Amino acid sequence: MLKKEQNDFVLTGSQSGVLYISGLPVEKNILAGVRRKSKAFIDSFRLLQGSRSRVVVHNTSSESMPLLAHSIDYVFTDPPFGDYIPYAELNQINELWLGRTTDRSREVIVSPSQSKGVAEYGAMMGAVFNEVARVLKPEGMATVVFHSARSEVWCALARAYIAAGFVVEATSILDKIQSSFKQVVSTLSVKGDPLLLLSKRRADRSKTQSSAKIAVDVIRAAQNGEKLDPQRLYSQFVCMCLELGLNVDMDAKTFYTLAQAETLPTTSGAAL
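Residues numbered from 1 in each chain as written. Predicted model: local features only at pLDDT ≥ 70, side-chain atom pairs only at ≥ 80, totals over all residues. Heavy atoms only, no water.

Draft legend 1. Representation of helix H1 (residues 30–48). An ideal rise of 1.5 Å per residue puts 27 Å on 19 residues; H1 measures up with 28 Å between its terminal C-alpha atoms. Taking burial as the measure, the 19 residues of H1 include zero buried ones, a minor fraction of the element. Positioned one or two residues after H1, Gly50 has a phi angle of 90°, which is positive. (Helix = DSSP H or I, 4+ residues; strand = E, 2+ residues; numbered from the N terminus. Expected span 1.5 Å × (residues − 1). Buried < 20%, exposed > 50% of the residue type's maximum accessible area, 1.4 Å probe, protein only.)

Put into structure tokens, the structure is as follows:
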């Protein structure tokens, strides 16, 4: 960025009130992009042609949905990942051009510029999960895609869905074909977004294991003929903790340090 009375550019990260210009290697043709993106819509309409189903789109907050209670079979949500991307701040020029800006007081995000910490983020996510629980049928299911390198953000998410009456039925990892820009350039990121399948079924989770033991087990299991990828292993660790009803008590940074220690050879050639 350029600053007053500076003779050269100042290297900085994304900040509030600063236009962020990403390090894209090439300029892209807008018309070519529209043609490429429109193909997915065209293929979808062809697939649905002749269908007797009815699609209703509501452009509204997920904290208050215009849907009847216990009327939905399945919910899929990909919520903001804590402080991962400042959506409204990055989109402020686009929004001003469109003439409609985000109500940042209701943006579910961890943002110092908005005076929102993890506690505020968790409370807003709790309101979302309460609404999901209201509209879901008793036997309904919900899938949550999430990504974070911070244990406190994972704990806030878990508290939010547990308070709404949900348990984790199963987990998996979403392998994206293309990683996000921040995943590529960040020095502390996670590969693969954990997928959580939630239900309103009552479940008694055994908490005899500790998250630390699970972390070691995940790392050691991956050493059996597999390429050790700590970033992906952290996602596996998160999935196992949440499926067992345990708190994610370890940040990605701590996990990566543990993974390095577990794979360092000793003088006898054994793993630590």
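Draft legend 2. A look at the nonpolar core. Counting 48 residues, the largest nonpolar core has Phe129, Tyr161, Phe237 and Phe255 as its most contacted members. For this core, the secondary structure elements donating two or more residues are helix H4 (118–135), strand E2 (136–145), helix H5 (151–163), strand E4 (193–199), helix H7 (211–222), helix H8 (230–243) and helix H9 (252–263). With eight residues, the top contributor of residues to this core is H4. Excluding anything up to four places from it in sequence, Phe237 contacts Ser211, Ile214, Ala215, Val218, Val248, Met250 and Phe255. (Core = buried A, V, L, I, M, F, W, Y, C linked by side-chain atoms within 4.5 Å. Contact = heavy atoms within 4.5 Å.)

Draft legend 3. Representation of the packing of aromatic side chains within the structure. This model, assessed by the stated rule, comprises 10 aromatic pairs. Pairing Phe129 with Tyr161 gives two aromatic rings, centres 6.0 Å apart and planes at 75°, and the pair type is edge-to-face. Of the two residues, Phe129 is situated in helix H4 and Tyr161 in helix H5; the sequence distance between them amounts to 32 residues. Of the two residues, Phe129 and Tyr161, both sit in the buried class. Taking 6.3 Å as the distance between ring centres and 65° as the angle between the ring planes, the aromatic pair formed by Phe129 and Phe166 counts as edge-to-face. Taken together, the residues span a long stretch of sequence, with Phe129 in helix H4 and Phe166 in the loop between H5 and strand E3 (167–174) at a distance of 37 residues. Since its relative accessible area comes to 3%, Phe129 is described here as buried. Aromatic ring contacts, followed pair by pair, group Phe81, Tyr84, Phe146 and Trp154 into a single cluster. (Phe/Tyr/Trp six-rings, centres within 6.5 Å; stacked < 30°, edge-to-face > 60°.)

Draft legend 4. The arrangement of the pairing of E4 in detail. Most of E4 sits inside the fold, with six of its seven residues counted as buried. Judged from the five bridges that link them, E2 and E4 form a sheet pairing that is antiparallel. Following the sheet pairing, Met141 is matched in E4 by Ser199. In this structure, E3 lies alongside E4, joined through seven bridges in antiparallel fashion. Residue pairing across strands places Val168 opposite Leu198, the latter belonging to E4. (Pairing = 2+ DSSP bridges.)

Draft legend 5. Region of the structure containing the packing of H7 against H9. Across the interface, H7 lies against H9 with an axial gap of 10 Å and an inter-helix angle of 50°. Of the possible angle classes, the one that applies to H7 and H9 is oblique. In the packing of H7 onto H9, the handedness of the crossing is right-handed. On H9, the residues touching Ala215, Val216, Val218, Ile219 and Arg220 of H7 are Phe255, Leu258, Ala259 and Glu262. Considering only residue class, the contact of H7 with H9 consists of seven nonpolar, no polar and two charged. (Axes fitted to C-alpha atoms, helices over the stretch in contact; angles between N-to-C directions. Parallel < 35°, antiparallel > 145°, perpendicular 65-115°, else oblique. Left-handed = near helix turned anticlockwise from the far one by under 90°. Nonpolar A, V, L, I, M, F, W, Y, C, P; charged D, E, K, R; others polar.)

Structural measurements only, silent on function.
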